[in-house]
Each structure stands twice: as structure tokens, then as C-alpha cells.
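Examining the three-dimensional arrangement
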Amino acid sequence: MGVSTGCFLLAGALAAAALALGTDIAGAAQRVTLLVGGAAAVLGAVLLRWGVHLPRTGYHVVVVVGTGMVTTVAALAPSPATALATAALYVFVTVDVFFFFAPREALAQHLLVLVAAVGTLWSRGAAWGHVVTTVLAWSVVAAVVGHLANRASEAGRDSLTGLANRRGFDAALDAAVPEALRTGAPLSLALLDVDHFKRVNDRFGHAAGDELLRALAGECAAALPREAVLARFGGDEFAVLLPGLRGPAACGLLEQLVAGSTRVGLSCGVAQLQPGEEVGDLLRRADSALYAAKSAGRGQCRLSGGTSAELVADLRGALAAGDVRAHVQPVVALPAGRLVAVEALARWTHPVRGPVSPAEFVPVAEASGLIGELGAAVLADACAAAAELREHHPGLRVTVNVSGRELTAPGYPGRVLRTLRECGLPASALVLEVTESLLDASSEVALRALAELRRLGVAVAIDDFGTGWSAFSRLDTLPADYLKLDAGFIAEITTSPRRAGMLQALLALSRTLGLQVVAEGVETTEQADLLSRLGCPLAQGWFFGRPVPPEDLDVPAAAASPAGERAGQRAAVGR
């Protein structure tokens with residue numbers, strides 16, 4: 001808009017100069033015409049340079065000023081012919097408004113131009129036939145240009161919401177990414193997904209779903225800054241391009257949008273453009289962040305950590321060299337404290353940076369497509385370690401976390417079984433841990449993979465139960481053998497009688513359903529003793545031992561109670 005309007009003003013300035021110097025305008029009228037042309041040239045140059053920063057309402061003022069300039073020059077014309085020639089400049093104004101303004105706004109501006117043009121030409125003595133012909137000609141030209149512009153813009157517009165569609169958004173993204181990389185300006189991309197949208201369509205019909213999407217589009221547009229590009233990708237997914245915002249700021253803005261959504265729950269993934277990154281990489285990281293938000297329980301916003309090329313390359317090299325290892329944390333039976341299982345946790349020591357937190361390199365693996373290789377490496381190392389540990393702890397099981405991306409990969413159950421055979425470990429010794437929200441968000445492919453593995457003897461544990469929207473009513477439908485209670489749930493059992501009562505009810509219900517309960521995050525004597533009294537069968541946490549390399553695992557002989565084992569367990573924690 002700034003470029004087009006600026007060019008129209010510069011063209012008008014040249015036309016004013018031609019009228020002043022090449023027609024019968026003279027004296028004061030000539031000087032005023034040249035002055036108006038000079039003002040138009042200055043305003044046009046300003047818009048060409050800084051027009052991008054002018055708000056849309058400012059362009060309405062510019063159009064009114066342009067109309068006034070043309071009217072002033074036409075009113076000074078010494079003859080009807082000169083006035084008619086000047087009136088041709090009104091076409092610049094009307095093309096501008098029909099091209100860029102909404103229909104009602106464009107029509108209002110066009111009526112103002114019509115009144116100014118007809119009044120001025122009539123006052124300068126132009127014949128009514130000449131007036132009608134001139135006004136009709138540039139009005140039709142402007143209307144046709146506006147119609148063609150609207151038709152062209154529809155190719156990049158979503159017919160349901162009026163937002164940009166995937167094609168329009170891709171065009172904006174393809175233009176914004178090279179510019180941001182060239183200038184170094186921050187650029188963030190967000191993907192939003194409506195939680196459980198299918199339920200709306202199934203329960204209330206597709207018309208209600210369409211109305212919900214239209215209302216949501218309006219809410220999002222009102223909550224976003226003016227320079228943001230909001231698009232509907234299709235279905236119930238939206239995309240937001242946020243130029244000038246870094247990842248944390250963009251995530252904070254989207255978190256407010258998610259929290260303020262009153263009509264439906266939203267999940268969001270955000271990624272900031274990294275140096276040297278391509279459009280496809282940015283989209284893939286935003287999609288991975290969205291997947292993480294949905295897997296973590298929905299209704300939240302996740303920020304991609306950004307995958308620098310160096311860290312990705314280092315992680316890929318570490319996986320190839322076998323430098324990503326599985327450390328193990330004891331899982332004990334209560335009340336005796338006997339070791340019955342270990343949980344495998346990925347650990348990576350960088351040759352320069354030292355130990356790298358899983359909170360950093362696991363998202364990098366997700367975003368860079370290395371999560372399958374990471375999962376396979378940890379599974380193989382964990383199974384090999386468990387095979388050795390079972391020589392001293394017969395019947396020991398090993399639990400390994402698995403992501404939704406791994407479960408949906410073709411042939412995943414077969415790869416798990418091959419790993420077990422290569423390590424000499426029976427399928428009954430392996431427990432795969434998944435989150436409850438992952439099961440809810442997973443496809444039929446993932447659920448079928450879990451069902452196949454359970455049929456072959458591998459057990460499944462639901463991790464982090466007790467967070468978000470976990471519900472007792474879901475326990476009979478979860479495809480699981482173990483229930484791992486989140487550390488946040490366990491942290492309050494000694495201070496909240498209601499929480500302890502909930503735990504007791506959950507334990508009784510789990511026994512009825514044949515589920516084994518594992519209490520995670522046990523850190524104090526009081527927690528361990530209360531869990532024993534309530535009848536919790538299994539527990540893990542720093543009270544029983546920190547994650548250590550398998551060869552350093554040292555669990556004391558079983559005692560009569562957790563309190564009786566305290567000294568030995570603290571020794572294990574110290575390791």
C-alpha cells in the first residue's frame with residue numbers, strides 16, 4: 001500500500017508540473033499548482049520510504065489529502081479543458097481505494113471523490129456530458145481494478161474465515177524468511193490446533209464447527225499485533241507469522257491467546273527462525289513444538305528450543321559413536337525396598353560442553369528428526385544393561401520411555417523385538433513408558449503398535465499420571481499394565497489429607513483393575529513410610545537412588561521397612 005500510494009502521488013506530482021508548465025495556467029494559479037505538486041512529491045517519497053509503518057487509518061487520511069490536492073489543482077484551472085485534464089488524476093485515488101480498502105471503506109472514499117469531482121468540474125464550466133463521461137470512465141476503471149484485485153487475493157484466502165489460506169501463508173513465509181535472514185531481524189512462527197475439534201463436529205454438526213472456526217479466527221485476529229500474518233492451514237489448524245518477535249516473546253503472546261480462548265481449548269507450538277535455517281526447517285520445528293504441547297496434555301503453548309546446526313551435528317555424531325548412554329534409576333518394591341526394576345534415562349556428555357541436559361537434547365532430537373535414532377540407542381543400551389543386571393537380580397525389569405513419533409514409525413514393534421533378541425532379554429523384561437496425554441493424542445497406528453507389543457509380552461506403563469486432566473474414569477480404558485504416579489502428586493501426600501485419601505482410593509481401584517502402581521519422586525522418609533502404610537506396591541525416587549550408569553548401581557539388601565534401609569539407601573543416593 002505504501003509503495004503503490006507513493007507511486008501514485010509521485011505520478012500526480014509530475015502531472016501537476018506538466019499542467020503548470022505546459023498549459024494556460026499562469027500567475028498565482030501556476031504557483032499553487034507547482035506547490036501542490038511539490039507537496040505530493042514529498043508525501044509520495046515519504047510513503048515509499050516509511051509507508052510500512054503507517055497504520056491503515058493513516059492511509060485514509062492520505063487518500064483524503066490526495067483528493068484535496070487534485071480538487072485544488074482542478075479548481076484553479078483557467079478553462080474547462082484544463083479542468084477535465086486535471087480530473088483524470090482522480091483515477092489514481094479511486095484505484096488506490098478499491099485496490100486496498102474494504103468495500104464499504106472504498107465506496108465511502110469513492111463517493112467523496114465523486115462529489116469533489118462533479119462539483120469542481122461543474123464550477124469550472126465543463127459541459128455535463130464531458131463531466132459524466134470523465135467521471136464514468138475513471139470510476140469504471142477503478143471498480144474493475146478493485147474487482148480483479150479481490151479475485152486475485154481470493155486465491156490466497158480461506159473462504160470460511162476470510163484469513164489467509166495455506167497458499168497465502170506460504171507466500172508470506174517465503175518472503176519473510178529470506179528478509180529476516182538478510183537483516184538479522186527476529187521472526188517467529190506459531191501453529192495452533194483446536195483441541196478435540198472432532199467432538200464438536202460429531203456432537204453439534206459441521207455447521208457448528210464452521211461457526212466455531214469463524215469466531216475463533218476473529219478472536220485470534222483481535223489478539224495479535226497488526227503486523228502478524230494469521231492463516232487457516234485447513235481443518236482446525238491455524239498458523240501465525242510474527243515478524244519482529246523472538247521466540248520467548250512470541251510464545252508469551254500465544255500463551256495469552258490460548259489462556260484467553262473462551263470458546264474452545266487450543267494447543268500451540270512456536271519456533272523462532274535460526275541463522276541459516278530454511279522455511280521447511282522452521283515449519284517442522286513449530287510442528288514438533290505443537291506435537292509436544294498436545295502430548296503434554298493440550299491447552300498449552302510450547303516453544304521449540306531451536307536446533308543449531310552445531311548441536312544437531314554433535315548429537316548425530318554422538319549417536320553414531322554410541323556416546324548417548326542409558327543411566328538407570330532403581331524401582332523398588334515396598335515395604336521391603338527390594339530392587340525389582342530400573343528406569344532407563346538418556347544421558348549425553350559432550351566432549352566440550354560436558355553433560356548436556358535431556359531437557360535440551362531430547363527436544364533437539366524431536367525437532368531434527370533424530371528422535372528415532374535416540375530412542376533406538378537408549379533402548380539397545382538399556383536392554384544390554386538389564387541383561388547383565390539380571391544375572392545378579394533375577395527377574396529384574398527395565399522401563400524405557402517411548403515417544404509418539406517412535407510408536408508411529410513403520411515396523412516399530414519388530415525393531416523392539418529384534419533389540420530384545422540381540423541382547424538376550426525376554427519380552428517380559430521390558431516395560432515401555434508412555435504418557436496418558438500421548439495416548440490420547442496418538443493415532444491408531446501408535447495404539448496398534450502398543451497393542452502388538454503387549455500381545456508379545458512387553459508391558460506398558462502410563463507415565464506422569466496425576467497431572468493435567470488425569471481421571472479415575474479413564475483407568476479401565478488405558479492400554480497399560482503399570483501406572484506411574486507423577487512426582488508432583490506424591491510431593492503432597494504427607495501434607496494434604498485429601499491427597500493421601502485420593503491416593504488410597506486410586507490404589508484400591510488399581511488393584512481391582514489389575515494395574516501395578518509406581519510412586520515416582522519419593523524423596524523423604526515420611527513419603528516412603530506413608531506409601532508403605534497405604535499399600536503402594538512400587539516406588540522410585542532419590543530416596544531410593546539417583547540415576548547412575550548401570551555398572552554403578554548399588555542397591556542394599558532388603559530390610560524390613562524403608563526406615564530400616566535408610567542408611568544404605570542414602571549411600572546409594574550419594575552415588
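Thresholds, definitions, all that
Residues numbered from 1 in each chain as written. Predicted model: local features only at pLDDT ≥ 70, side-chain atom pairs only at ≥ 80, totals over all residues. Heavy atoms only, no water. pLDDT = per-residue confidence, 0-100. Contact = heavy atoms within 4.5 Å. Salt bridge = Lys/Arg side-chain N within 4 Å of Asp/Glu carboxyl O. Helix = DSSP H or I, 4+ residues; strand = E, 2+ residues; numbered from the N terminus. Buried < 20%, exposed > 50% of the residue type's maximum accessible area, 1.4 Å probe, protein only. Phe/Tyr/Trp six-rings, centres within 6.5 Å; stacked < 30°, edge-to-face > 60°. Lys NZ or Arg CZ within 6 Å of the ring centre and 35° of its normal. Patch = residues over 30% accessible without salt bridge, like charges linked within 9 Å, V, L, I, M, F, W, Y side chains within 5 Å. Areas by Shrake-Rupley, 256 points an atom, 1.4 Å probe, with all protein chains shown as cover. Pairing = 2+ DSSP bridges. Axes fitted to C-alpha atoms, helices over the stretch in contact; angles between N-to-C directions.

**Quick notes on the confidence of the model for the chain**
In low-pLDDT regions, the fine details of the predicted coordinates are not to be read closely. Confidence along the chain averages 85 in pLDDT terms, with 91% of residues attaining 70 or more. Overall, residues 556-575 carries pLDDT values under 50, and its contacts beyond four positions in sequence, including any with other chains, amount to 38 contacts.

**Considerations on the pattern of salt bridges**
For the coordinates displayed, the defined rule picks out 13 salt bridges. Taking the shortest distance from any N to any O, the salt bridge between Lys294 and Asp193 comes out at 3.7 Å. Here Lys294 is found in helix H12 (residues 279-295), whereas its partner Asp193 is found in strand S1 (residues 187-194), with 101 residues between them in sequence. Taking the relative accessible area as the measure of exposure, Asp193 reaches 9% and is therefore buried. Between Lys484 and Glu343 there is a salt bridge, and its shortest N-O distance comes to 3.1 Å. With Lys484 in strand S12 (residues 482-485) and Glu343 in strand S7 (residues 338-350), this pair connects stretches of sequence that are 141 residues apart. Judged on exposure class, the residue Lys484 and its partner Glu343 are both buried. Within the structure, one salt-bridge network assembled from shared partners comprises Glu343, Glu433, Lys484 and Glu520.

**Some words on the packing of aromatic side chains**
Enumeration over the complete set of coordinates arrives at 6 aromatic pairs. For the pair Phe543 and Phe544, a centre-to-centre distance of 5.2 Å together with 90° between the ring planes defines the contact as edge-to-face. Phe544 carries the same exposure label as Phe543, and that label is buried. Lying across the ring of Trp542, Arg546 places its NZ or CZ 3.7 Å from the centre.

**Concerning a nonpolar patch on the surface**
Residues Trp122, Trp128, Val132, Leu136, Val140, Val144 and Leu148 make up a contiguous nonpolar surface patch of about 780 Å² in total accessible area. Looking at where Val144 falls in the secondary structure, it is placed in helix H7 (residues 128-154). Given a relative accessible area of 44%, Val144 falls into the partly exposed group.

**With respect to the sheet that holds S1**
Sheet architecture is open: 5 strands sit in the order S2-S3-S1-S4-S5, paired in mixed fashion. In this open sheet, the two strands that pair with only one neighbour each are strand S2 (229-234) and strand S5 (301-303). On average, each strand axis in the sheet is tilted by 20° relative to the strand beside it, whichever way the strands run. As paired elements, S1 and strand S4 (residues 266-272) share 7 bridges and run antiparallel to each other. Looking across to S4, one finds that Ala190 is bridged to Val270. Strands S1, S2, strand S3 (237-243) and S4 of the sheet are contacted by helix H10 (residues 206-223), whose axis makes an angle of about 155° with S2.

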